[in-house]
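Reading the structure
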Amino acid sequence: MSSAEKKFQKYEPFYLSPSPRRKTSAEIISEARRSLRSVKTQRPFTPRYEERQLFGPTSCRTSADRPPSSFSLHARHFETADSRPGSGKRLSPLEHKPKLPICPDPDLDTSPPLPKPPADPLELNRTSTARARLFKAGSLGMLPPMMQPEERFAGPMSEDGFRLHKGDLTENIATVTSSETKMAENNQSETDVLESNNGPRTTEDESEESFVWKSRIIPVLQELESPTHDNIFSSNSLEQLCDACDRLHRILDESNLLGRKCRRRAILLKTLFKLIDMGSDQLNLQLTRLILALSVTGNNLLNVCKLIFKISRSENNDSLFQNSSIIDSLLSVLCSENIFSIAEALLYCMGTLKFLSGNSSILKLLQNKGAVSILLHLTKKLNDANRLDKTNFTISGHILVQLTATLRNLADLPQSRLEFLSNSGFPELCVILEQHSNDKDICMNVARVLRFSLDFHCGCVSTISKKCSCMLLFLVLLPCHSHSGDLVVRIVFTLGNLTAKNNEAREQFFTEKGSVDTLLGLFHTYLEMGFTPENNQRRPSEVEDVLIKLIRVLANLSIHPTVGTALASKQECIDLLVKVLEYKSIDECEELVINAAATINNLSYYPAENSVVRAKQLHIAELLLRLLLSNNMEAVLEATRVFGNFSQTKEIRDFILQKHVYKFMTVLLDSKNQDVCFSACGVLINLTADKTSRTILREGGIQKLIDCLRDFGPVDWQLAGLVCKTLWNYSEESAAFSFGEEETKSLLQLLSVFLDENIATHWNLSEDFKEFHKACWETEFVPVAQKLMNRIQNQYSVLEPLGTPS
């Protein structure tokens with residue numbers, strides 16, 4: 001042990017246990033209670049916006065730089081061409097390269113020119129009508145063979161011999177059914193297998209599909225195409241339409257016709273698209289669920305996601321999502337392989353999930369469906385893509401705003417935090433911060449995710465401090481967004497969480513280049529801004545909130561011996577803390593002043609020769625008097641703790657006597673708060689170490705110490721031991737002279753009871769607490785109590801008082 005360490009050991013403060021051996025759990029807890037403590041603070045306030053938007057009113061994106069949250073959407077915006085299934089049949093390449101026609105306008109007639117009509121006008125009319133139907137059916141991608149003459153007179157009749165309802169749907173159904181059946185028959189000579197997008201299908205499959213189509217699907221489509229209700233907007237009508245959609249979905253699922261497997265998929269989609277114009281959110285949600293199940297792509301997928309997004313903007317519709325499986329469909333969209341081919345659809349899909357995750361019931365539903373792992377997997381794909389190519393960086397940023405906002409809500413669930421750990425969520429979040437460091441919206445959301453996760457889960461703190469580079473990232477972000485108080489306060493709050501309970505994190509942050517200077521620079525900036533809170537303001541202003549969180553980080557960092565010693569000797573740090581006490585009162589901003597006092601207490605723990613705290617201790621003591629006179633017990637406690645450290649020096653002991661601070665300490669012994677009594681007793685033990693100041697206890701102090709021993713001794717052996725040390729110091733010259741007869745009897749009786757080895761068996765305590773309590777009883781109380789009892793009984797004094805200060 002070096003000479004400096006020996007000196008430090010000799011003049012240890014009353015609350016320190018600097019033994020070089022491995023400390024017991026009781027000693028560690030004892031030391032933490034008596035001296036250095038991490039500082040707690042409230043979460044930063046998160047405003048709730050009434051209107052659901054892709055980007056909130058505080059977004060850094062201008063209206064011109066971001067996709068819209070409001071838009072009109074009708075059936076005409078959807079395209080039936082999307083539903084055209086390929087035959088899957090490979091054709092032989094042409095020997096010559098034909099001239100490709102210009103892409104036709106979908107609104108124009110694309111039928112080939114008709115041959116010269118026959119002379120018979122009636123025949124002309126019949127032929128034209130039949131061919132019109134054929135070409136209309138052919139536009140669905142299945143060109144039928146030439147119809148027989150007798151078929152031209154069939155009209156809109158089904159193959160079963162009954163006439164269908166009039167309308168586009170009926171005509172399409174009849175024509176396509178007849179033409180596709182005959183085409184299959186004519187092509188048997190060429191191939192026995194017809195292929196769809198999902199693999200080969202036999203003619204037997206085609207026959208089975210045709211049977212299902214005619215017997216089960218057509219009746220439901222007719223319900224959807226031509227409702228017979230008197231009032232189509234009545235609740236009964238909507239319920240029947242929703243029920244029809246549900247039955248259609250179930251039929252297609254049972255028949256294995258979902259996705260792109262159904263050859264008449266175009267007719268299904270066209271019918272569903274038309275119903276969108278009815279404007280019912282309940283019906284539209286059923287429609288979008290079925291449309292997504294039919295694997296639409298391109299513009300249709302985008303419009304479906306927009307439609308769902310539009311429905312989700314109203315909180316009144318949350319129950320519709322909760323009672324539907326549409327959430328499963330949305331999560332499936334997020335699992336698409338080529339994410340940038342559907343980037344805009346993905347954006348509105350994520351926007352919907354962001355809105356829904358604001359509902360606590362749906363939030364739990366999302367968590368149960370594995371939303372955290374799905375979102376983190378999508379995050380990784382976006383991060384990996386942005387590493388290789390910045391082409392889609394802008395749209396990727398828009399998506400990540402929605403994604404990280406959803407993760408922020410999910411991170412509030414305890415179950416989700418474990419998923420963040422198991423899915424490497426925190427490293428990916430740090431990659432987001434690195435790639436989008438200039439995007440305030442994304443940085444804000446990521447900071448909130450980390451904030452929620454670190455509030456309660458120690459495993460998250462350990463993971464981030466060991467595996468992530470977030471410390472360095474935060475140090476980069478803070479100067480970039482120094483004037484964005486809402487972001488700064490969240491980053492600093494996260495740093496406070498990281499350094500609250502993890503000593504490795506404290507050291508890691510301190511060793512980062514420029515870390516302390518960055519914090520102090522922000523401290524100076526926000527202190528210079530000035531702050532005048534409004535009257536009756538329930539929470540601190542933004543400037544005050546930043547200062548509160550900044551000071552908390554400094555307090556937590558100072559728990560580490562190396563960091564604490566360095567901060568205590570840093571002039572700028574101490575000057576800024578002192579300014580807070582000079583310019584702010586406890587009534588103006590309670591939390592700010594208390595945090596400043598707590599930080600000074602931690603820094604005053606280190607009695608280094610170059611300590612600026614010790615150099616300014618007299619001025620600080622003057623400022624702390626204001627806290628002792630306040631009605632705020634927490635402020636009184638912090639001030640008392642600082643006096644406990646400062647009273648190791650004669651300068652402060654003289655100040656305490658001159659300003660009658662000791663009277664405050666004596667009064668505090670009547671407190672019902674054990675920590676307040678402990679801190680007050682700590683000041684008194686240092687005062688009684690001086691022979692000249694021991695008489696202060698004669699002013700009622702002895703009886704209050706005995707009362708404190710009686711009230712708290714059975715449950716707080718640390719406090720009981722400290723009381724005994726104070727009485728030991730006081731009675732150094734003569735126990736008989738120091739204590740009156742009644743005080744002596746009362747004290748001896750208490751000590752006899754507390755020194756009974758069987759006393760612990762009478763406590764109704766948990767086993768863990770019993771073990772800790774027993775350790776405190778043996779190490780904190782028994783040695784000094786036994787000595788004090790012997791002194792009183794024998795009426796003699798020892799040479800050296802307990803806890804002699806420097």
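Since the model is a prediction, treat every value here as computed from it, not as a measurement. Sequence order as written defines residue numbering, which begins from 1 separately in each chain. Since the coordinates come from a predicted model, pLDDT governs what is reported: local features require at least 70, and pairs of side-chain atoms require 80 or more to be given and counted, while whole-chain, interface and lining totals use all residues. Where side-chain values are given, they derive from all heavy atoms of the structure, hydrogens and water being excluded.

Quick look at the nonpolar core
As a reminder of what qualifies: The definition of a nonpolar core used throughout is a set of buried Ala, Val, Leu, Ile, Met, Phe, Trp, Tyr and Cys residues joined through side-chain atoms within 4.5 Å. Residue exposure (1.4 Å probe, protein chains only): buried if accessible area is under 20% of the type maximum, exposed if over 50%, otherwise partly exposed. Think of it this way: any DSSP run of H or I at least four residues long counts as a helix, any run of E at least two long counts as a strand, and we number them from the N terminus. Should any heavy atoms of two residues lie within 4.5 Å, those residues are counted as being in contact.
The biggest cluster of nonpolar side chains holds 214 residues, and the ones touching the most others in it are Ile217, Leu248, Leu334, Phe523, Phe643 and Phe781. With 10 residues, helix α12 (residues 343-356) is the single largest residue contributor to this core. Setting aside chain neighbours within four positions, we find Leu334 in contact with Leu346, Cys349, Met350, Leu353, Ile374, Leu375, Leu378 and Lys381.

Regarding the pattern of salt bridges
Inclusion rule: Each reported salt bridge corresponds to a side-chain nitrogen of Lys or Arg within 4 Å of a carboxyl oxygen of Asp or Glu.
Counted by the stated rule, this structure contains 26 salt bridges. With its nearest N and O atoms 3.0 Å apart, the salt bridge here joins Asp318 to Arg52. Here the residue Asp318 occupies a position in helix α10 (residues 318-322), and Arg52 occupies one in the loop between α2 (25-34) and α3 (121-138), the gap between them amounting to 266 residues. With respect to class, Asp318 is no different from Arg52; both count as buried.

Re the environment of Cys262
Following the sequence through the fold, Cys262 ends up in the loop between α6 (235-254) and α7 (265-275). Separated by 10 residues in the primary sequence, Cys262 and Leu252 have C-alpha atoms spaced 8.5 Å apart.

Details of the packing of aromatic side chains
Test applied: Note on ring pairs: Phe, Tyr and Trp rings are taken, using the six-membered ring of Trp, and paired if centres are within 6.5 Å. Classes follow the plane angle, with under 30 degrees stacked, over 60 edge-to-face and the rest tilted.
Scanning the model with the defined rule gives 13 aromatic pairs in all. Each ring, one from Phe78 and one from Phe273, has its centre 4.7 Å from the other, and the planes form 25 degrees; the classification is stacked. In this pair, Phe78 is assigned in the loop between α2 and α3 and Phe273 in helix α7, connecting sequence segments 195 residues apart. No difference in accessibility class separates Phe78 from Phe273, as the two residues are buried. Aromatic pair Trp717 and Phe754: ring centres 5.5 Å apart, planes at 85 degrees, arrangement edge-to-face.

Here we look at the packing of helix α8 (residues 281-293) against helix α11 (residues 326-334)
To keep it simple, the criterion reads: To define axes, lines are fitted to C-alpha atoms, for helices over the stretch in contact only, and angles between the resulting N-to-C directions are given on a 0 to 180 degree scale. Here is the rule for angles: anything less than 35 degrees is roughly parallel, anything more than 145 is roughly antiparallel, 65 through 115 is roughly perpendicular, and the remaining ranges are oblique. Should the near helix be turned anticlockwise from the far one by less than a right angle, the crossing is termed left-handed; should it be turned clockwise, right-handed.
One can describe the packing of α8 onto α11 by two numbers: an axis separation of 10 Å at closest approach and a directional angle of 40 degrees. Classed by the angle they form, the pair α8 and α11 counts as oblique. α11 is crossed by α8, and the crossing has left-handed handedness. In this structure, α8 contributes Leu285, Thr288, Arg289 and Leu292 to the contact, and α11 contributes Ile326, Ser329 and Val333.

Description of helix α13 (residues 360-368)
Our working rule: It is the directions from the helix axis to the C-beta atoms that the arc portrays. Distance and chemistry together define a polar contact, namely a pair of N or O atoms within 3.5 Å, with one atom able to donate a hydrogen and the other to accept it when in protein, and with adjacent residues in sequence counting only for side-chain atoms on both sides.
Looking only at α13, the buried set comprises Ile362, Leu363, Leu366 and Gln367. Looking down the long axis of α13, one finds its buried residues gathered within 145 degrees of arc, a one-sided arrangement. Residues of α13 that are exposed and point over 90 degrees away from its buried face: Lys364 and Asn368. In this structure, the buried residues of α13 make contact with α10, α11, α12, α14 (371-388), α15 (393-410) and α16 (414-422). Where α13 starts, the residue carrying a side-chain oxygen 2.9 Å from the main-chain nitrogen of Ser361 turns out to be Asn359. Two residues or fewer past α13, Gly370 is found with a positive phi of approximately 80 degrees.

So, unusual backbone geometry
Notably, Asn256 is not glycine yet its phi reads approximately 60 degrees, a positive angle. Residue position: Asn256 is located in the loop between α6 and α7. In this structure, Ser295 is a non-glycine residue whose phi angle is positive, near 55 degrees. Within the secondary structure layout, Ser295 lies in the loop between α8 and α9 (298-312). With a relative accessible area of 29%, Ser295 lands in the partly exposed category.

Here's the deal with helix α32 (residues 661-668)
Counting along an α-helix, one turn takes 3.6 residues, and residues three or four places apart therefore face a common direction. Inspection of α32 places Val661, Tyr662, Met665, Thr666 and Leu668 among the buried residues, and these make up the whole buried set. End-on, the buried residues of α32 take up no more than an arc of 160 degrees, which puts them together on one face. The elements touched by buried residues of α32 are α29 (617-628), α30 (633-646), α31 (650-658), α33 (674-688) and α34 (701-712).

Describing the confidence of the model for the protein
Basically, it comes down to this: The pLDDT value expresses, per residue, how confident the predictor is, ranging between 0 and 100.
The predicted model of the protein averages 78 in pLDDT, with 71% of residues at 70 or higher. Under a pLDDT of 50 for its full length, residues 1-29 has, in the predicted model, 39 contacts with residues more than four places off or in other chains. Of the regions scoring below 50 in pLDDT, residues 97-198 engages in 109 contacts with residues more than four places distant in sequence or in other chains.

A word on the packing of α11 against α12
To keep it simple, the criterion reads: Residues are sorted three ways: Asp, Glu, Lys and Arg are charged, Ala, Val, Leu, Ile, Met, Phe, Trp, Tyr, Cys and Pro are nonpolar, and all the rest, Gly among them, are polar.
At a closest axis distance of 10 Å, the pairing of α11 and α12 adopts a crossing angle of 135 degrees. If you check the angle between α11 and α12, you find them oblique. Note on packing geometry: the crossing formed by α11 with α12 is left-handed. Every residue of α12 that contacts α11 at Ile327, Leu330, Leu331, Val333 and Leu334 is listed here: Leu346, Cys349, Met350, Thr352, Leu353 and Leu356. Looking at side-chain class alone, the contact of α11 with α12 contains 10 nonpolar, 1 polar and no charged residues.

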